[in-house]
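Descriptive analysis of the structure
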Amino acid sequence: MAATKQEMRDKVLKVLKLLPNGQDADAEHVSIVEDNIDAAQAFLAAEGIAYWATSAIPNGVVQAYRDYVAAKAALELRKDVVTNEVTALADMRSFTATVNGSIRQTYF
């Protein structure tokens, strides 16, 4: 079963230790995390990684997606919480990679 944006938001807030069990999330935290989910989705879609909608995030990327969004949201919410954005992004790329598929190269 795929995760929804609301489920992802709650997962991110729990990783950031901003959503105690059985309690409602703070409205400001909800807004910040949902903005970060939207930004992450736009970036991942542009990179050719996210082929899904935020209403149906595949189980195979839920943990990596959560960690990626948490890393971005932590910059605003919890600078003391560290998640590994690079590893999360690599995990999502690995999940969506195809055998013998083309790979876009970017040179700087």
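Above this note sits the structure.
About the thresholds
Residues numbered from 1 in each chain as written. Predicted model: local features only at pLDDT ≥ 70, side-chain atom pairs only at ≥ 80, totals over all residues. Heavy atoms only, no water. Axes fitted to C-alpha atoms, helices over the stretch in contact; angles between N-to-C directions. Helix = DSSP H or I, 4+ residues; strand = E, 2+ residues; numbered from the N terminus. Parallel < 35°, antiparallel > 145°, perpendicular 65-115°, else oblique. Left-handed = near helix turned anticlockwise from the far one by under 90°. Contact = heavy atoms within 4.5 Å. Nonpolar A, V, L, I, M, F, W, Y, C, P; charged D, E, K, R; others polar. Salt bridge = Lys/Arg side-chain N within 4 Å of Asp/Glu carboxyl O. Buried < 20%, exposed > 50% of the residue type's maximum accessible area, 1.4 Å probe, protein only. Phe/Tyr/Trp six-rings, centres within 6.5 Å; stacked < 30°, edge-to-face > 60°. Arc of directions from axis to C-beta.

For the rest of this paragraph, the subject is the packing of helix α1 (residues 5-15) against helix α3 (residues 62-77). Running from N to C, α1 and α3 cross one another at 60°; their axes reach a closest spacing of 9 Å. One finds that α1 runs oblique with respect to α3. In the packing of α1 onto α3, the handedness of the crossing is right-handed. On α3, the residues touching Met8, Lys11, Val12 and Val15 of α1 are Val62, Tyr65, Arg66, Val69 and Ala70. A per-class count over the contact of α1 with α3 returns seven nonpolar, no polar and two charged.

The next point concerns the pattern of salt bridges. On inspection of all chains with the given rule, the structure shows four salt bridges. For the salt bridge of Asp10 with Arg9, the shortest nitrogen-to-oxygen distance reads 3.3 Å. By relative accessible area, which is 27% here, Asp10 ends up partly exposed. Taking the shortest distance from any N to any O, the salt bridge between Arg9 and Glu34 comes out at 2.8 Å. Here Arg9, found in helix α1, pairs with Glu34, found in helix α2 (residues 27-46); they are 25 residues apart in sequence, far enough to count as distant. Taking relative accessible area as the criterion, Arg9 reaches 15% and is therefore assigned buried. Connected through shared salt-bridge partners, Arg9, Asp10 and Glu34 make up one network.

Taken as a whole, this structure holds three aromatic pairs when the rule is applied. Arranged with centres 6.3 Å apart and planes meeting at 15°, the rings of Phe43 and Tyr68 form a pair that is stacked. Here the residue Phe43 occupies a position in helix α2, and Tyr68 occupies one in helix α3, the gap between them amounting to 25 residues. Look at Phe43 and you get partly exposed, because its relative accessible area is 32%. With a centroid separation of 5.0 Å and an interplanar angle of 80°, the aromatic rings of Tyr51 and Trp52 are classed as edge-to-face. With a relative accessible area of 57%, Tyr51 lands in the exposed category.

This brings us to α1. For α1, the complete set of buried residues consists of Lys5, Met8, Arg9, Val12 and Leu13. Buried residues of α1, seen end-on, are gathered within an arc of 135° and therefore sit on one face of the element. Where the residues of α1 are buried, they touch α2 and α3. Lys17 sits one or two positions beyond α1 and adopts a positive phi of about 60°.

Any functional reading would require information beyond the geometric quantities listed.
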